[in-house]
Amino acid sequence: MSPVTAPAHAPAHAPVRAPSPRPLPASRPDHLRVVRPTERRRARLSPVTGVVLTGVLFALLFAVAIAQTMLVQGQVRLDQLDAKLAVEQARYQELRKDVAGLESPGRIVAAAQEQAMVAPDELVYLQPSTPDAPVVGEDAPVDVPGDDPNAEASAADSAWSTMKPLLAAPAP
Amino acid sequence: MTPVGPPRERRHPRGGTAWRAGRPRVRLVSTLLVLLVAFAAISVRLVQVQALGGDEYAAYGASQRLQTITLPGERGSIFDRNGNDLAVSLPQRTIWANPKQIEDPLAAASALSGPLVLDAAGTAALAARLEGVTPDTQFAYVARQVDDAVADAVTDLELPGIGFLDESKRFTPAGDLAHSVLGSVDIDNLGQSGLEMQYEDTLTGEPGQLVIETDTNGRTIPGGEHELEAASRGDDLVLTIDRSMQYETERALRAQIEAKGAGGGIAIVSRPGTGEILALANFERNEESGELVATGNNLAATTVYEPGSVNKVITVAAALEEGLVTPETMLTVPDSLQMSDHLFTDHDPHPTEDYSVTRILTDSSNIGTIKLAQQLGKDRVDSYLRRFGFGEKTDLDFPNEAAGILLDPAKYNGTSMGSIPIGQGIAVTAMQMLEAYNVLANGGMYVPPRLVLETVDARGERHEATSGEPRRVVSGITAARMREMLVNVVAEGTGTRGGITGYRVAGKTGTARKPMDTGGYEDEAGNYHYVANFVGFVPAENPELSIIVVIDEPSGDIFGGTVAAPVFADLAQYGLRLFRIPPPLVGQTGPAPDTAAADAAGIVDAVEQERVRATAATSTTQPSASTATTRSGG
């Protein structure tokens, strides 16, 4: 094996020199620098992060779907209530008309006449009387044979004394 | 070095026919051009759709999603003074058709005739409507404002091209009660008469609309378009009318008209102090059938009549107010008086004698009243008639209200000063006459009448209805004197049938000849026709109710004192009970007329006796004894 010797001819091209770094431009901003290849890193998601993010995305979509469903259900319910409200309002008006018809004097008189009620031919006014004051329109007292006016008055007083506390009692 | 030779042919890989590689540049350019053209076409269409025709397409899209629902502005209700419904509007369904979607109109009409209860003619007419007026007709009414049962029955038919829409319909729950006052609306809910017409703007609501976005099933899309323009309900009217008083007024008036075989009648009940009309009834006979109907025409305000003797209070009040006489002043009164070519007479013959002014009114003396008018002179007579409200419309401003007829004094003829003071030769409405008596009830103040108490807007806020300002017509002293004289009329004069046990009633009777269309007061057969009326108020010392009753052309018994006064008494008794108006305290009242007892004992006033006898001997169409004689009276 022959020893390695220097080449007999000089290479055709001058050996390439390592490029000397270019002088930095004087105006280069200070916040910029050259990034070395070793410094470049690829951002990679870890599997756990991916699973979590997928889960979150799914949950969000599911929540949106649920919200939309609830919204639709609410709207349907609202439509149903609107329809029911309209029906009930119409029913209220109808019943109001019916009540007014039933309360009308003509209907009541007709119903009374169906039950054989009749209007009196002559009105009789009952007017309170006191012993010392004549009352306009008062008729002369009528004596009924066999009746004791004092006993009748006593019975009336008794009835009144029974009724008065009841009348004065407060409503329950 | 490789030798250079001619190029070898390239063979198809499968060893078939040789093919040329061609020129890829051409293919590329061609493809590019095609893509460019396609892209350009898409771009143009995009601009066309999005930019140029964007609005049109947006509207088209919206029309498929958006639904506009018209919200009807409900017509306001009409209540009586106690809040009872007199007129209400209810939603009803109207059935319509799209003739373009109906293939067999006759079959559809036949199917609809069942639920709609149509006869053959009605079915044929419906079929014609379903065919459409023109080939492009897309809407035709089938039946308007039907009740739910009918609408449901039509729905069950499931006919194509038949649709429904909501409309409101006017109802009067109490039937024809106060029909002439309330008036009516047409099928489009526009007021045609009465208060419905007068208060059209107040009662009518403003329609609104709801715009919503719906899906293909008609369901509202949540979060979609939703624009609500709320409908505004019309205001409610609260009337001065009392439903019960109204019913009784109509009942009593109708009964008397029927009993007397009269042609019609009017009755008004009011509260003098406020001018509130509590009841107002009008009846007239159908000209064809002769049936007595509650007319839709408010005769009390729209028609005039010659009032007769009830007008004498104006003449007497004017004479008192002018200081020409007092109630006790005596005048020499013969039983007849010639004026120009006309002989005026009192109703009952009597020797020439001295009458007090009170007696003139009590006996309803024509000649005595004419003598008072002569002292006044025609200008003052005319002035007082107008001050009492005659010759101009009342503040009711009712549709078609009449102003009455008053002659200009300059146009008075030789008999005018004889006829006008006793209520002939002038024409007034029943409302005007009642208001004139209300002046006396109100201590000389004219209080304008009113039918509407207040309006209630959609928010429930109440607004008092405007009313005219009261004005003084005569002094309080004159009014008080007149009240006492009118009490005398009822107590012992021509109006005893208007008396009420326990109360003092002031009133006046009137029996007037009706002018004929041919001119004059006689019909073609030479007969007279009469109007009997009675006006009064109660209690006389503190009037709470005033009532006028006018009976048109009663048969047989024609006098106000026997035909109209009993109705007054019935209504006054009912009103006093209904409104809980007590009799005056002892010591505040004079002797009460006990007409019931008097009648029972056969002790009727002499004047009244005469009237009753005269009634028995005459009829409504009694021949006139003399065309040149006026013998009307109370």
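A quick note: this is a predicted structure, and the numbers were derived from the prediction, not measured.

Rules used in this analysis
- In every chain, residue numbers begin from 1 and rise along the written sequence.
- Just so you know, chain letters begin at A and ligand numbers begin at 1, following the order they were written in.
- Confidence filtering applies because this is a predicted model: local features only for residues at pLDDT of at least 70, side-chain atom pairs given and counted only at 80 or more, and all residues used for totals across whole chains, interfaces and linings.
- Numbering of helices and strands runs from the N terminus; a helix is a DSSP stretch of H or I covering at least four residues, while a strand is a stretch of E covering at least two.
- Neighbour density around each residue's C-beta defines its exposure: 20 or more other C-beta atoms within 10 Å make it buried, 12 or fewer make it exposed, and counts between make it partly exposed, where C-beta atoms are placed from the backbone.
- Pairing between two strands requires that DSSP report at least two bridges joining them.
- What counts as an axis is a line fitted to C-alpha atoms, over the stretch in contact for a helix, and the angles between N-to-C directions run from 0 to 180 degrees.
- Residues are treated as contacting if the C-beta atoms built from their backbones sit within 7 Å of each other.
- Throughout, the ten residues Ala, Val, Leu, Ile, Met, Phe, Trp, Tyr, Cys and Pro are labelled nonpolar, Asp, Glu, Lys and Arg are labelled charged, and all others, Gly among them, are labelled polar.
- We define the nonpolar core as any set of buried residues of the types Ala, Val, Leu, Ile, Met, Phe, Trp, Tyr and Cys, connected via C-beta atoms lying within 7 Å of each other.
- Boundaries of every domain are those given by an automatic assignment or by a domain database.
- Should an angle fall under 35 degrees it is taken as roughly parallel, and over 145 as roughly antiparallel, whereas 65 to 115 is taken as roughly perpendicular and any remaining angle as oblique.
- Crossing chirality is assigned from the near helix's rotation relative to the far helix, an anticlockwise turn below a right angle marking it left-handed and a clockwise turn marking it right-handed.

**Comments concerning the overall build of chain A**
Piece 1. Across its full length, chain A carries three helices and zero strands.
Piece 2. Counting from the amino terminus, chain A carries its helices and strands in the arrangement α-α-α.
Piece 3. Counting across all 172 residues of chain A, residues that qualify as buried make up 2%.

**Considering the overall build of chain B**
Piece 1. Looking only at helices and strands, one finds 20 helices and 25 strands in chain B.
Piece 2. The proportion of buried residues among the 634 residues of chain B is 44%.

**Some thoughts on the sheet that holds strand 23 (residues 530-538) of chain B**
All names here are of chain B.
Piece 1. Ordered by their spatial adjacency, six strands build an open sheet running 13-12-11-24-23-22, and the pairing between neighbours is antiparallel. Strand pairing shows two members of the sheet lacking a second neighbour, strand 13 (292-294) and strand 22 (506-513), which therefore form its edges. For this sheet, the mean inter-axis angle between neighbouring strands, taken without regard to orientation, is 10 degrees.
Piece 2. Direction of pairing for strand 12 (residues 276-285) relative to strand 13: antiparallel, over a ladder of three bridges. Bridge pairing in strand 13 places E284 opposite V293.
Piece 3. Those strands touched by helix 17 (residues 476-492) are strand 22 and strand 23, and its axis lies near 70 degrees from that of strand 22.

**Describing the sheet that holds strand 9 (residues 226-229) of chain B**
Note: strands within a sheet are paired through backbone hydrogen bonds, in either parallel or antiparallel orientation.
Residues and elements named next belong to chain B.
Piece 1. What the three strands build is an open sheet, ordered 1-8-9; its pairing is antiparallel. One side of each edge strand has no neighbouring strand; the edge strands of this open sheet are strand 1 (66-71) and strand 9. Each strand axis lies, on average, 15 degrees off the axis of its neighbour in the sheet, ignoring direction.
Piece 2. With six bridges joining them, strand 1 and strand 8 (residues 208-213) adopt antiparallel strand pairing. Bridging across to strand 8, L66 finds its partner in E213.

**Remarks on the interface of chain A and chain B**
Piece 1. Each partner contributes residues to the interface: chain A has 25 residues there, and chain B has 25 residues.
Piece 2. In terms of residue count, the dominant contributor to the side of chain A that touches chain B is helix 1 (residues 47-103) of chain A (14 residues).
Piece 3. Its residues placed into classes, the side of chain A that touches chain B shows twelve nonpolar, seven polar and six charged.

**Here's the deal with the environment of F139 of chain B**
Residue and element names in this part refer to chain B.
Piece 1. Residue position: F139 is located in the loop between helix 4 (120-131) and strand 4 (140-146).
Piece 2. When the 12 C-beta atoms within 10 Å are taken as the criterion, F139 is described as exposed.
Piece 3. In the structure, F139 is positioned 71 residues away from L210 in sequence and 22 Å away in space, judged by C-alpha atoms.
Piece 4. Those residues in contact with F139 that sit more than four places away from it in its chain are W96 and N98.

**As for the nonpolar core**
Residue and element names in this part refer to chain B.
Piece 1. Within the largest apolar cluster, 126 residues are counted, with the highest numbers of intra-cluster contacts made by I268, I548, V549, A564 and F568.
Piece 2. Counting contributing residues, this core receives three or more from each of domain 1 (69-100 + 136-239) and domain 2 (243-452 + 466-630).
Piece 3. Apart from the residues within four sequence positions on either side, F568 is in contact with G498, G507, F534, G536, I547 and V549.

**Considering the domain arrangement of chain B**
The accessible area lost on association of the parts is a frequent measure of interface size.
All names here are of chain B.
Piece 1. As assigned here, chain B comprises domain 1 (69-100 + 136-239) and domain 2 (243-452 + 466-630).
Piece 2. Where the side of domain 1 that touches domain 2 is concerned, the elements lending two or more residues are helix 6 (179-182), helix 7 (194-198) and strand 10 (236-239).
Piece 3. No other element matches helix 7, which puts four residues into the side of domain 1 that touches domain 2.

**Re the packing of helix 11 (residues 312-321) of chain B against helix 13 (residues 366-376) of chain B**
All names here are of chain B.
Piece 1. Running from amino to carboxyl end, helix 11 crosses helix 13 at an angle of 45 degrees, the nearest separation of the two axes being 9 Å. One way to sum up the angle between helix 11 and helix 13 is to call them oblique. Helix 11 and helix 13 meet at a crossing whose hand is left-handed. In this structure, helix 11 uses K312, T315, V316, A318 and A319 to contact helix 13, whose residues at the interface are T369, L372, A373, Q375 and L376.
Piece 2. Residue composition of the contact of helix 11 with helix 13, grouped by class: six nonpolar, three polar and one charged.

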